[in-house]
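# Examination of the molecular architecture
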Amino acid sequence: MKKCYRYFCGLIDIQESWLNKMAHKGYRLVKTGKLVYEFEKGIPDEYQYAVEFVAHKSYQRGEDYKRFLEESGYNVFYKNANLNYSIGKLKWRPYGEGMGQISTNPGSYNKELLIVEKKNDGKPFELHTTSADKADYYKPIRNAWLTIMILPLGLSLWRFMDIKAHPYEAVAFLIFGLLCMIPVIRYQKRISKFSLQAKIEE
Amino acid sequence: MRDNAKSGALTEVTFFVLISLYEPNHGYGIMQFIEAKTQGRLILGAGSLYGAINALQDRNWIMPLDDGTGRKKEYIITDTGKEVVNSEIRRLQELVRVATDIVGEKI
């Protein structure tokens, strides 16, 4: 049994490639906690991992999707993208779909991601394979980053307008806001690419 | 899922999911059906299939079969779905006819 402490927040691709690197070394995921991943030692490259964003789905939709993946022969773990220990939490997600806009703990809060495990059959492990579906999948992820980005940029503007405020405050918020803009742009590029492909292919 | 409402053209995935459900089938079975029938040319991810199944259920082209055991959910094509498949076959035959008239039989 090997325990690893990691926190990837919303960096989905990085978490996915880390899990696959661990699998390459022969470590199979057995349990996830808020900050901890527990592995057992097995054969290298026996399993493949995909990390799936589900924070925009309602609790029921998320559960239904998880069950569907399990019925398709995969092992599925819930994973948090947030780091919040409060119970009885209620949060508004502007990027959610329908009831997915409201997240509660216990409920869909701290279950923003799914880690999906597949037995390695030599083929690439992709949950989304059509261009139209890929574009649809990336949209809520972009919107989530957009939501995160707006707050520091707004705060930066507010500090900038305040003459008494120290200019560093505005700059600090601006830098944080611009950092959050990187994933927004990255996901937007993917969405545009796959939307265009979907128009021609399908 | 971007089926063309005007011309009635279905995406390849939609078409394959529909014809895989003339016999009751579950998600994993649909994926295997598509991979086998296309000799691995078309591989459908579980996430994309989940979206397709939900969209087709909303249109009432397929429906879930309740076997009462609560185990793997199976689906079957509806009569509406079968009509859609028939008109797609006619459209594809027409398409092939027009194309071979111009391009010729040899490819």
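These numbers were taken from a predicted model, which means no experiment stands behind them. (Residues numbered from 1 in each chain as written. Chains lettered and ligands numbered in written order. Predicted model: local features only at pLDDT ≥ 70, side-chain atom pairs only at ≥ 80, totals over all residues. Heavy atoms only, no water.)

A separate point is the packing of helix H2 (residues 59–71) of chain A against helix H3 (residues 46–58) of chain B. It is the contact of H2(A) with H3(B), at a shortest axis distance of 10 Å, that shows an interaxial angle of 120°. Regarding the angle of H2(A) to H3(B), the classification is oblique. Here the hand of the crossing between H2(A) and H3(B) comes out right-handed. Contacts from A:Arg61, A:Asp64, A:Tyr65, A:Phe68 and A:Leu69 of H2(A) reach H3(B) at B:Ala46, B:Gly47, B:Leu49, B:Tyr50, B:Ile53 and B:Asn54. When the residues that make up the contact of H2(A) with H3(B) are grouped by side-chain class, the tally is 7 nonpolar, 2 polar and 2 charged. (Axes fitted to C-alpha atoms, helices over the stretch in contact; angles between N-to-C directions. Helix = DSSP H or I, 4+ residues; strand = E, 2+ residues; numbered from the N terminus. Parallel < 35°, antiparallel > 145°, perpendicular 65-115°, else oblique. Left-handed = near helix turned anticlockwise from the far one by under 90°. Contact = heavy atoms within 4.5 Å. Nonpolar A, V, L, I, M, F, W, Y, C, P; charged D, E, K, R; others polar.)

Attention now goes to a nonpolar patch on the surface. A contiguous nonpolar surface patch, about 470 Å² in accessible area, is contributed by A:Val171, A:Ile175, A:Phe176, A:Leu179 and A:Ile182. Summarising the element assignment, A:Leu179 is placed in helix H4 (residues 167–201). (Patch = residues over 30% accessible without salt bridge, like charges linked within 9 Å, V, L, I, M, F, W, Y side chains within 5 Å. Areas by Shrake-Rupley, 256 points an atom, 1.4 Å probe, with all protein chains shown as cover. Salt bridge = Lys/Arg side-chain N within 4 Å of Asp/Glu carboxyl O.)

A few words now on the environment of A:Tyr138. Residues and elements named next belong to chain A. The topology assignment puts tyrosine 138 in helix H3 (residues 131–161). Between the C-alpha atoms of tyrosine 138 and arginine 186, which are 48 residues apart in sequence, the distance is 10.0 Å. Contacts of tyrosine 138, omitting those with residues within four sequence positions, involve Tyr187, Arg190, Ile191 and Phe194.

The interface is formed by 20 residues belonging to chain A together with 21 residues belonging to chain B. Carbon and sulfur atoms supply 54% of the area that chain A and chain B bury against each other, a total of about 1700 Å² over both sides. Our count for the contact surface shared by chain A and chain B stands at 1 salt bridge. Two residues, A:Lys123 and B:Glu35, come together in a salt bridge whose shortest N-O distance is 2.6 Å. Where chain A packs against chain B, one counts 9 residue pairs in polar contact (both at pLDDT 80 or more). Elements represented by at least two residues in the side of chain A that touches chain B include exactly H2, H3 and H4 of chain A. The dominant element in the side of chain A that touches chain B, judged by the number of residues it contributes, is H2(A), at 6 residues. Here the side of chain A that touches chain B is composed, by residue class, of 7 nonpolar, 5 polar and 8 charged. (Buried area = accessible area lost by both parts, 1.4 Å probe. Polar contact = N/O pair within 3.5 Å; in protein donor to acceptor, adjacent residues only side chain to side chain.)

Turning to the pairing of strand E3 (residues 74–77) of chain B, a few remarks are in order. For strand E1 (residues 25–26) of chain B and E3(B), the ladder comprises 2 bridges, and the chain directions are antiparallel. Across the sheet, B:His26 pairs through a bridge with B:Glu74, a residue of E3(B). (Pairing = 2+ DSSP bridges.)

Time to look at the pattern of salt bridges. Residue and element names in this part refer to chain A. Considering all chains together, one arrives at 17 salt bridges over all chains under this definition. A salt bridge links aspartate 64 to arginine 67; its shortest N-O distance comes to 2.9 Å. Placement of both aspartate 64 and arginine 67 in helix H2 is noted, with a separation of 3 residues, approximately one turn of the helix. For aspartate 64, a relative accessible area of 23% translates into the label partly exposed. Between glutamate 169 and arginine 159 there is a salt bridge whose closest N-O contact spans 2.8 Å. In this pair, glutamate 169 is assigned in helix H4 and arginine 159 in helix H3, connecting sequence segments 10 residues apart. Residue class for glutamate 169 comes out partly exposed when judged on its relative accessible area of 34%. For arginine 159, a relative accessible area of 15% gives the class buried. One network of salt bridges, in which partners are shared, links Asp13, Arg186 and Arg190. (Buried < 20%, exposed > 50% of the residue type's maximum accessible area, 1.4 Å probe, protein only.)

A few words on the domain arrangement of chain A. Residues and elements named next belong to chain A. By the assigned domains, chain A splits into domain 1 (2–119) and domain 2 (131–201). Summarising the inter-unit geometry, the C-alpha centres of domain 1 and domain 2 are found 23 Å apart. Contacts between domain 1 and domain 2 engage 10 residues on the former and 10 residues on the latter. Counting each side, the surface lost to burial between domain 1 and domain 2 is near 790 Å², with a carbon and sulfur contribution of 65%. It is Asp13, Phe53 and Tyr95 that lose the most area in domain 1 upon contact with domain 2, and together they represent 56% of the buried surface on that side. (Domains from an automatic or database assignment.)

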